[in-house]
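# Coordinate inspection notes
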Amino acid sequence: MRIEQLPIERDKLGEGPFWDHRIGALYWVDHLGPTVRRFIPVTGEHREWLVPKMIGSAGLTEDRKRLILALSDCFSVLDLETGACEEVASVPQERAAIRLSDGRCDRMGGFVVGSAVTDFAGYEGAIYRLNPDFSVNVLRTGLMLSNAICFQPDGKRMHFTDTRSGIVMVCDYGPETPLACEPQPFADARDHGASPDGATVDSEGGLWVAQIRTGDIARFNSDGSFDRKIELPVPYATSVCFGGADLDILYVTTVRETGMQIRSDHPQAGAVFAIHDLGYRGVEEGVFGVRNGN
């Protein structure tokens, strides 16, 4: 195993990495930038786009020149050629301390995003699905810090967590009833970092979870049992995705400051890392508006 720091400027609060297999690019967001960032490993090209509000997450669309975004209180489409950001659906929140956060495109053409209560004053957070027609469904309520949203390779089960619980959940997922069953505990992180943040799955159905409080990555097997832990050279990890030509590189975003409780002066805090030679491969990301990512 080899851990490499990408040769780019560090983020304040890096989040939500995802790989565009069509152009060989890693995308992610700096929540406090607020920017969308892109790095193409083969060429070393790095670009970023400033957006008008704090950004929680982003995803691919069928048009590779556009991304779908979850800004603090709305969904928007970012034109990567012009930099224009167009709101497509409003998601009003009860107060400023609640904003859209972690999210991922499902394998049925939707964009699923949770919200975070950043003052920790209540459980007013929720999970939303932006549908291809830009309508919005509320999938779940009663959360504080929604994270770890990702989908099993067949797209029929979804993971999520309320970070403060320390447990990643799983539920059936489908186009007619997006949360078709009551979620069940899947992976208990309380003995392995206790702070699950962003997550992804590999081709075997294993779950990889960034542990924000301990600066490591935990992998859980497809049955939810603990497999391994990877320690990073920085204190705080925020999210993960698989990328590279063979989807065998695990990319990890990290944080310098969250604007809430976490801050680090470590010289590598906020960097993006690539972990090589893990022996696992990921699966292609879902694409907004495209069923099964095809």
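The structure we're discussing is the one just above.
Residues numbered from 1 in each chain as written. Predicted model: local features only at pLDDT ≥ 70, side-chain atom pairs only at ≥ 80, totals over all residues. Heavy atoms only, no water.

Mapped onto the fold, Ala 194 is located in the loop between β17 (184-188) and β18 (196-201). With 84 residues separating them along the chain, Ala 194 and Leu 278 place their C-alpha atoms 23 Å apart. Not counting the four nearest positions on each side in its chain, Ala 194 is found in contact with Thr 163, Gly 166, Ala 189 and Gln 211. (Helix = DSSP H or I, 4+ residues; strand = E, 2+ residues; numbered from the N terminus. Contact = heavy atoms within 4.5 Å.)

Okay, the sheet that holds β17 next. Judged by pairing direction, the sheet is antiparallel, and its four strands sit side by side in the order β14-β15-β16-β17 without closing on themselves. Each end of this open sheet is capped by a strand with a single partner; those strands are β14 (146-151) and β17. With strand direction ignored, the average angle separating the axes of adjacent strands in the sheet is 30°. Here strand β16 (residues 167-172) runs beside β17; their pairing, made up of four bridges, is antiparallel. Across the sheet, Val 170 pairs through a bridge with Gln 184, a residue of β17. (Pairing = 2+ DSSP bridges. Axes fitted to C-alpha atoms, helices over the stretch in contact; angles between N-to-C directions.)

Our next topic: the pairing of strand β22 (residues 237-243). β22 sits mainly inside the fold: seven of its seven residues count as buried. Here six bridges tie β22 to strand β23 (residues 249-254), and the two strands are oriented antiparallel to one another. When the bridges of β23 are listed, Val 240 appears paired with Val 252. Connecting the antiparallel pair β22 and β23 is a turn made up of five residues, with Gly 244 showing a positive phi of about 90°. (Buried < 20%, exposed > 50% of the residue type's maximum accessible area, 1.4 Å probe, protein only.)

As enumerated under the stated definition, the model contains eight aromatic pairs in all. Arranged with centres 5.8 Å apart and planes meeting at 5°, the rings of Trp 19 and Tyr 251 form a pair that is stacked. Taken as a pair, Trp 19 in strand β2 (residues 14-20) and Tyr 251 in strand β23 lie far apart in primary sequence, 232 residues in all. Residue Trp 19 is classed as buried on the basis of its relative accessible area of 6%. What makes Tyr 251 buried here is its relative accessible area of 3%. Every member of this aromatic cluster is reached through a ring pair, and the members are Trp 208, Phe 242 and Tyr 280. (Phe/Tyr/Trp six-rings, centres within 6.5 Å; stacked < 30°, edge-to-face > 60°.)

The next point concerns the environment of Ile 262. Position of Ile 262 relative to the elements: it lies in the loop between β23 and β24 (272-276). Looking at Ile 262, the relative accessible area reads 7%, which means it is buried. Between the alpha carbons of Ile 262 and Cys 150 there is a distance of 24 Å; along the sequence they are 112 residues apart. The residues touching Ile 262, leaving out its near neighbours within four places in the chain, are Ile 212, Arg 213, Tyr 236, Val 255, Arg 256 and Glu 257.

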